[in-house]
Amino acid sequence: MNTTEKKIQLKGLTLTELQDYLISIGEQKFRGAQIFNWMYNHLSFDFREMKNMSKELLQKLTDTCELQTLNLITTQDSQSTGTKKYLFATHDGMNIESVLIPENERNTLCISTQVGCPLDCKFCATGLMGYKRNLTPGEVVDQYLLAAKEKGKANITNIVYMGMGEPLLNFETTLKSVEIFTHELTKGLSRTRITISTAGIAPKIKELADRGLRVKLAFSLHSAFEDVRIKIMPINKKYSLKENIDALKYYANKTKTRITFEYTMLKGLNDRMEDVKAISKLCGSLPSKINLIPFNSIKHMSPGGISSQLEPTSLKDIHQFADRLRDNNITVMIRETQGDDIAAACGQLAVKTNSPGHNTELAQE
Ligand code: SAH
């Protein structure tokens, strides 16, 4: 092979895709399952580790294929909570972040699906950095594989698609990565340990239900009123709350799962008594629970407009708000802020990049 020719990226291929590829280069189908197992179960990033394959095949693969899509640039540990942030570089000099969050017996890895995000939610640092591109399936999967290699695979018990980007706008890639994470050959995670979080792309929520993966679904609600939601989440102009709630009902019904509503508490904007009433009505209309999230500062992004006016609801008021919701029989959790000292908390992921050479500079710095 001419060395200037682009190598085939095997990371991110599903079992069927790998089998088809092996057949297309004159090899036997079962080799696909072997490589699948090496990549995703044994966390191999080097063909030389693949002991059960002939020398000739390994040479052929080494010459024509690649096994790694991301480079781990650095990690940062939160002193207060044990949260760990991973900064990765892509082949084209972009940066993305993942966050590992320890919580009792669980270790949840929060992964990204896009470089930046096109949705421009006013409270979110990733939104403020703008949108660069979708991640490839390999880049989504490698966030997990590289973290698992460092931490030990058994030590990552859950995956949440709550990092940078909107997973349902990188739909096929997100689905492929779920297929890989949960495949029996990868000795992977159960679907109940995977949560996809969306700002509300209603038709894709329905399609997700129809595709039968039955992962947990989280919906970023943030206001039960259309007019308030539009102010802080411009995507609500395209897909209204009503449309999304219909889609969520469809999802809950079809998958027999409970929807998690995420609700970042913003002082004076969505923490009023009328919000309690509206949320209670909405949550009462489908199997669901609500997570109240303290607003994490995005001041490190020096935002303008409405973003600069957003203030957190105090923890005391969040607890009172939760109690009022519980009075109405709503299941409520208050999410603890994890890792805000390293800008790794919800909505704080943003990397000032994306020109080669400046790709290790974090936005908070
Ligand atoms: N695009 C997806 C996933 C990424 S955001 C989504 O919108 O759901 C993951 C969660 O963090 C969302 O619920 C989001 O609304 C919340 N979030 C974003 N910025 C935040 C901030 N500054 N403080 C607290 N939560 C935030």
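Owing to the predicted nature of the structure, the values given are computational and were not obtained by experimental measurement.

Draft legend 1. Expanded view of a positive patch on the surface. On the surface, Arg106, Arg193, Lys216 and Arg258 cluster together into a positively charged patch. Relative to the assigned elements, Lys216 resides in strand E11 (residues 216-220). Residue classification places Lys216 among the partly exposed residues on the basis of a relative accessible area of 37%.

Draft legend 2. Highlighting the sheet that holds strand E14 (residues 332-334). The 10 strands lie next to each other as E3-E4-E5-E6-E9-E10-E11-E12-E13-E14, forming an open sheet whose pairing is mixed. The strands lining the two open edges of the sheet, one partner per strand, are strand E3 (70-77) and E14. Here the average twist between neighbouring strands, direction ignored, is 25°. Taken together, the 7 bridges between strand E12 (residues 259-265) and strand E13 (residues 288-294) define a ladder with parallel strand orientation. Each residue of the ladder has a partner; that of Glu262, found in E13, is Asn291. Seen against the sheet, helix H11 (residues 315-327) touches E12, E13 and E14 and runs at an angle of roughly 170° to E13.

Draft legend 3. Local environment of the environment of Ser223. Locating Ser223 in the fold gives a position in the loop between E11 and helix H8 (226-232). With 48 residues separating them in the primary sequence, Ser223 and Asp271 have C-alpha atoms 9.0 Å apart. In this view, Ser223 contacts Val228, Arg229, Leu241 and Tyr263; residues no more than four positions away in its chain are not counted. Reaching out from Ser223, the side chain makes a polar contact with the backbone nitrogen of Phe225 at a distance of 3.0 Å.

Draft legend 4. Examining the side chain of Asn270 more closely. Residue position: Asn270 is located in the loop between E12 and helix H10 (273-283). The class of Asn270 is buried, set by a relative accessible area of 0%. One polar contact links the side chain of Asn270 to the main-chain carbonyl oxygen of Thr264, over a distance of 2.8 Å. Polar contacts involving the side chain of Asn270 include one to the main-chain amide nitrogen of Leu266, which spans 2.8 Å. Dropping the residues within four chain positions of it, Asn270 is found in contact with His222, Tyr263, Thr264, Met265, Asp275 and Phe321.

Draft legend 5. The pattern of salt bridges, seen in detail. Applying the stated criterion to the full structure yields 20 salt bridges. For Glu97, the salt bridge goes to Lys85, with nearest N and O atoms at 3.5 Å. One end of the pair, Glu97, is in strand E5 (residues 95-103); the other, Lys85, is in strand E4 (residues 84-90), with 12 residues separating them in the sequence. Look at Glu97 and you get buried, because its relative accessible area is 0%. A residue is classified by how much of its surface remains accessible, and Lys85, at 4% relative accessible area, is buried. Between Arg133 and Glu139 there is a salt bridge, with the nearest N and O atoms lying 3.0 Å from each other. In this structure, Arg133 and Glu139 share a single accessibility class: buried. The structure contains a network of salt bridges with shared partners spanning Glu172, Lys204, Glu207 and Arg211.

Draft legend 6. Quick peek at the site of the ligand. In the vicinity of the ligand, 21 residues are found, and the nearest of them are Phe123, Ser197, Ser220, His222 and Asn296. Contact between the ligand and Ser197: an oxygen atom at 2.6 Å from a side-chain N or O atom of the residue. Surface burial for the ligand is 96%, taken as the share of its 530 Å² of free accessible area covered by protein chains. Elements supplying a minimum of two residues to the shell around the ligand: strand E10 (194-198), E12 and E13.

Here is what the cut-offs are and how they apply
Residues numbered from 1 in each chain as written. Predicted model: local features only at pLDDT ≥ 70, side-chain atom pairs only at ≥ 80, totals over all residues. Heavy atoms only, no water. Patch = residues over 30% accessible without salt bridge, like charges linked within 9 Å, V, L, I, M, F, W, Y side chains within 5 Å. Areas by Shrake-Rupley, 256 points an atom, 1.4 Å probe, with all protein chains shown as cover. Salt bridge = Lys/Arg side-chain N within 4 Å of Asp/Glu carboxyl O. Lys, Arg positive; Asp, Glu negative; His and termini not counted. Charge placed at Lys NZ, Arg CZ, Asp CG, Glu CD. Helix = DSSP H or I, 4+ residues; strand = E, 2+ residues; numbered from the N terminus. Buried < 20%, exposed > 50% of the residue type's maximum accessible area, 1.4 Å probe, protein only. Pairing = 2+ DSSP bridges. Axes fitted to C-alpha atoms, helices over the stretch in contact; angles between N-to-C directions. Contact = heavy atoms within 4.5 Å. Polar contact = N/O pair within 3.5 Å; in protein donor to acceptor, adjacent residues only side chain to side chain. Near = heavy atom within 4 Å.

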